[in-house]
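Structural overview for review
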Amino acid sequence: MNYHHVLERIHSEIVSLSPVGKVADYIPELAKIDPNKFGFSLSPVGGGGPVEVGDATERFSIQSIAKVLALALALAGGADEVWERVGVEPSGNPFNSLVQLEYEAGIPRNPLINPGAIVISDILISRLPSPKRDLLAFVRKISGCGTVTFNEAVATSEACCGYRNIAVANLMKSFGNIRNSVADVLDFYVHMCSLEMSCRELAHTFLYFADPIRYNRMGSDFLTDAQVKRINAVMLMCGFYDEAGEFAYGVGLPGKSGVGGGIVAVCPNEFSVAVWSPRLNRKGNSYLGTEALSRLTTLTGLSIF
Ligand code: GLN
């Protein structure tokens, strides 16, 4: 498969499309991003990568993509508590919705919506001696990139205006599903979301979920095959909030989006891919990113279906 030709072709088609969608501005710091950025990087299983076009090496705010990494870290430390406190069902609701939480007694539908990731944050804070530092160490380890870090300005910007997340965390606290102080949990959560990585770094990191040999080599301190399988299942069913069905239909890969405009997706045993285009559709997913991935799986014939 000549991935380079495929990515070049998609890039040239994508840049000729008229710009649709809006950069996230509910986190003021994210509104400053150039909406015309476009990065695309693919890491084939077994080597030969990265294959990339556009702004693939420029770092951006990975936002909710980090929820997958936090989930991986939480599962590595013991899965039972995680699945007692968070479900694995698609929510069918926006990522920051409160309604389901009220009638489902503070148990979030899944770990990839905000309430779920806030519970995962709470679990990690209880377990890790130095939560933010330990999260960073973990991300640096699986990305193989020692300079990945938080963007403090983005974290502060979200902390100032994250009224919905404050409400979500308090609601869950009232049901007993948050054990630490809401302030500590949200501080961890906004830092996790503020992690910055490039498409190249993300594609390389998520190779972990696409390549069984690679994750087996990481050793027993990390995830089992079964846990990797389950994380991929959760990404497929829940990675795009109330657009998960649309993404499965159009792209056909497990993946995760973030309001920074990034999307990662994995084709087990074939490749891991990351795309970045900051204009979002109404569901908060990158408009051109989704389009690029849909073209990728159609042109290569590689999806999980
Ligand atoms: N930090 C963002 C929030 O909590 C993450 C949302 C996202 O990327 N979908 O709203």
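In case you missed it, the structure is sitting above this.
In short, a report on the structure. Fair warning: this is a prediction, and the values are worked out from it, not measured in the lab.

1. Remarks on the overall build of the protein chain
Within the protein chain, the regular secondary structure consists of 14 helices and 8 strands. For the protein chain, whose C-alpha radius of gyration is 18 Å, the value lies close to the compact-globule estimate of 19 Å for 305 residues. Overall size of the protein chain, expressed as C-alpha extent along the three principal axes, is 55 × 40 × 35 Å. Going through the 305 residues of the protein chain one by one, you find that 57% of them count as buried. Excluding contacts between residues fewer than 6 apart, the proportion of contacts in the protein chain whose partners are at least 24 apart in sequence is 70%. For the protein chain, the exposed surface amounts to about 12000 Å²; the carbon and sulfur share of it is 53%. Charged side chains of the protein chain number 26 positive and 30 negative; the gap between the two group centres comes to 1 Å.

2. Here we look at the packing of aromatic side chains
Under the criterion given, the structure shown has 8 aromatic pairs. Look at F240 and F247: their rings are 3.6 Å apart centre to centre, the planes differ by 15°, and that puts the pair in the stacked class. Residue classification places F240 among the buried positions, given a relative accessible area of 1%. Among the aromatic side chains, those forming a connected cluster through ring pairs are Y26, F95 and Y241.

3. Considering the pairing of strand 2 (residues 51-54)
Here strand 1 (residues 39-44) runs beside strand 2; their pairing, made up of 4 bridges, is antiparallel. Note on strand 2: the bridge partner recorded for S41 is E52. In textbook terms, the turn of a hairpin is the stretch between consecutive antiparallel strands, and for strand 1 and strand 2 this stretch comprises 6 residues, one of which, G46, has a positive phi near 90°.

4. Digging into empty space enclosed by the protein
It is a probe the size of a water molecule, rolled over the atoms, that shows where empty space is left. All told, the structure shown has 2 cavities of 30 Å³ or more when counted by the stated rule. Roughly 70 Å³ of volume is contained in the largest cavity. In terms of lining residues, the largest cavity is bounded by S91, N93, P94, S97, Q100, L101, E104, I107, P108, R109, I113 and P115. Of the residues contributing to the lining of the largest cavity, the split by class is 6 nonpolar, 4 polar and 2 charged. Volume-wise, the second largest cavity comes out at about 30 Å³. Grouping the constituent residues of the lining of the second largest cavity by class yields 5 nonpolar, 3 polar and 2 charged.

5. Some words on unusual backbone geometry
Following G49, the chain continues into P50 via a peptide bond in cis, with omega recorded as 0°. Looking at the secondary structure, you find P50 in the loop between strand 1 and strand 2. In the Ramachandran plot, Q63 falls in the positive-phi region, its phi being about 45° despite a non-glycine side chain. You can see Q63 is positioned in the loop between strand 3 (60-61) and helix 2 (66-76). Assessed through its relative accessible area of 3%, Q63 is described here as buried. Phi angles above zero are rare outside glycine, and A105 is one such case at about 55°.

Parameters at a glance
Residues numbered from 1 in each chain as written. Predicted model: local features only at pLDDT ≥ 70, side-chain atom pairs only at ≥ 80, totals over all residues. Heavy atoms only, no water. Helix = DSSP H or I, 4+ residues; strand = E, 2+ residues; numbered from the N terminus. Rg over C-alpha atoms; globule rule 2.2 N^0.38 Å. Buried < 20%, exposed > 50% of the residue type's maximum accessible area, 1.4 Å probe, protein only. Contact = heavy atoms within 4.5 Å. Areas by Shrake-Rupley, 256 points an atom, 1.4 Å probe, with all protein chains shown as cover. Lys, Arg positive; Asp, Glu negative; His and termini not counted. Charge placed at Lys NZ, Arg CZ, Asp CG, Glu CD. Phe/Tyr/Trp six-rings, centres within 6.5 Å; stacked < 30°, edge-to-face > 60°. Pairing = 2+ DSSP bridges. 1 Å grid on protein atoms, 1.4 Å probe; cavity = no way out; pocket = protein on both sides within 12 Å on 5 of 7 lines; lining within 4 Å. Points joined across faces, edges and corners; volume = space filled by probe spheres on them. Nonpolar A, V, L, I, M, F, W, Y, C, P; charged D, E, K, R; others polar.

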